[in-house]
Amino acid sequence: MGKIKIIAEYLQFLKAHKKWLLLPIVFILLLLGAVIVMAQGSPVALFIYSLF
């Protein structure tokens, strides 16, 4: 329940302060973090390392 509340508060912040530009930035950071976590123990990690 706590994670959902944080997301709701963040969306309310974006709406109140009209900072919609932050939404794609946060999405990309979360996506990049997920790729790093998923690739840490797999053989694909070598190929992902060469992309950066």
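Residues numbered from 1 in each chain as written. Predicted model: local features only at pLDDT ≥ 70, side-chain atom pairs only at ≥ 80, totals over all residues. Heavy atoms only, no water.

1. What about unusual backbone geometry?
Then, in step 1: One non-glycine residue with positive phi stands out, namely K18, at about 55 degrees.
Then, in step 2: Mapped onto the elements, K18 comes out in the loop between α1 (2–17) and α2 (22–39).
Then, in step 3: In this structure K18 comes out as exposed when scored by relative accessible area, which is 66%. (Helix = DSSP H or I, 4+ residues; strand = E, 2+ residues; numbered from the N terminus. Buried < 20%, exposed > 50% of the residue type's maximum accessible area, 1.4 Å probe, protein only.)

2. Focus: a nonpolar patch on the surface
Then, in step 1: A surface patch of nonpolar side chains, about 660 Å² in accessible area, is lined by F13, L21, L22, I25, V26, L29 and L30.
Then, in step 2: Tallying contributions element by element places α2 first for the nonpolar patch, with 5 residues.
Then, in step 3: Its location among the elements puts L22 in helix α2. (Patch = residues over 30% accessible without salt bridge, like charges linked within 9 Å, V, L, I, M, F, W, Y side chains within 5 Å. Areas by Shrake-Rupley, 256 points an atom, 1.4 Å probe, with all protein chains shown as cover. Salt bridge = Lys/Arg side-chain N within 4 Å of Asp/Glu carboxyl O.)

3. A closer look at the packing of α1 against α2
Then, in step 1: Taken N-terminus to C-terminus, the directions of α1 and α2 make an angle of 150 degrees; their axes are 11 Å apart at the nearest point. Viewed along their axes, α1 and α2 adopt a mutual orientation that is roughly antiparallel. Contacts between α1 and α2 pair Y10, L11, F13 and L14 from the former with L22, L23 and V26 from the latter.
Then, in step 2: Class assignment of the residues belonging to the contact of α1 with α2 gives a composition of 7 nonpolar, no polar and no charged. (Axes fitted to C-alpha atoms, helices over the stretch in contact; angles between N-to-C directions. Parallel < 35°, antiparallel > 145°, perpendicular 65-115°, else oblique. Contact = heavy atoms within 4.5 Å. Nonpolar A, V, L, I, M, F, W, Y, C, P; charged D, E, K, R; others polar.)

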